[in-house]
Amino acid sequence: MSTAIEEKTVTCIVCPSGCVVRVVLKGGKIAGISGNMCRKGTDYAKTEVINPMRILTTTVRMEDNRLLPVKTERPLPKALIFDAMKELSHVRVKAPVKIGQVVYPNVADTGVNVVATRSWK
Ligand code: SF4
């Protein structure tokens, strides 16, 4: 097993303090976290380094060719964002649409739904 030591720096975005959190990895595993002012920063930095997550904000086509703004209900693994975009490029949504309505369930097999961020008649 590799015991290479690596260091990564993450800016915590959980609150406006924006702590710069230093993560030390030994052989790919977290060996130390510092710089965070609270526990939330530890959790954020761990996720960001091991499996970064992002909310996907994009558009999908309506059947009449308009572009409907949408976003995922929860963050997805960053590594699956491209797969999600590819799936969403095939979606055609039928009007009317209400804000918050699920327009595509379980995107990229993540269990996360894509919802409309505006209503359209
Ligand atoms: S570590 Fe805590 S205090 Fe610092 S930015 Fe993150 S949430 Fe805010």
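It should be emphasised that the depicted structure is a prediction, and the values quoted were computed from it without experimental measurement. (Residues numbered from 1 in each chain as written. Predicted model: local features only at pLDDT ≥ 70, side-chain atom pairs only at ≥ 80, totals over all residues. Heavy atoms only, no water.)

> Help me understand the overall build of the chain in this model?
In terms of regular secondary structure, the chain is built from two helices and 10 strands. Reading the chain from its N terminus to its C terminus gives the helix and strand order β-β-β-α-β-β-β-β-α-β-β-β. For the chain, whose C-alpha radius of gyration is 19 Å, the value lies well above the compact-globule estimate of 14 Å for 121 residues. For the chain, the spread of C-alpha atoms along the principal axes amounts to about 55 × 35 × 20 Å. Taken over 121 residues, the chain has a buried fraction of 30%. Sequence-distant contacts in the chain: of pairs separated by 6 or more residues, those separated by 24 or more amount to 42%. In the structure as shown, the chain presents an accessible area of about 7700 Å², 55% of it carried by carbon and sulfur atoms. Of the charged side chains in the chain, 19 are positive and 10 negative, and the gap between their average positions amounts to 5 Å. (Helix = DSSP H or I, 4+ residues; strand = E, 2+ residues; numbered from the N terminus. Rg over C-alpha atoms; globule rule 2.2 N^0.38 Å. Buried < 20%, exposed > 50% of the residue type's maximum accessible area, 1.4 Å probe, protein only. Contact = heavy atoms within 4.5 Å. Areas by Shrake-Rupley, 256 points an atom, 1.4 Å probe, with all protein chains shown as cover. Lys, Arg positive; Asp, Glu negative; His and termini not counted. Charge placed at Lys NZ, Arg CZ, Asp CG, Glu CD.)

> What is the right way to look at the nonpolar core in this model?
Note that soluble globular proteins tend to have their nonpolar side chains buried in a common cluster. Within the largest apolar cluster, 19 residues are counted, with the highest numbers of intra-cluster contacts made by V60, L68, L76, L88, V93, V97 and V103. Counting only elements with at least two residues in this core, the list comes to β5 (57–62), β6 (67–72), α2 (81–88) and β10 (114–116). Ranked by residues supplied to this core, first place goes to α2 with three residues. In this structure, V93 is in contact with V60, R61, M62, E63, L68 and V103, ignoring residues within four places of it in sequence. Among the nonpolar cores identified, the runner-up in size contains nine residues, and V10, V21, A45 and V49 belong to it. (Core = buried A, V, L, I, M, F, W, Y, C linked by side-chain atoms within 4.5 Å.)

> I tried to follow the packing of aromatic side chains on my own but got confused; where do I start?
The geometry of an aromatic ring pair is captured by the separation of the ring centres together with the interplanar angle, meaning the angle of the planes. Within the structure shown, the criterion is met by zero aromatic pairs. The ring of W120 carries R66 above its face, with NZ or CZ at 4.8 Å from the centroid. (Phe/Tyr/Trp six-rings, centres within 6.5 Å; stacked < 30°, edge-to-face > 60°. Lys NZ or Arg CZ within 6 Å of the ring centre and 35° of its normal.)

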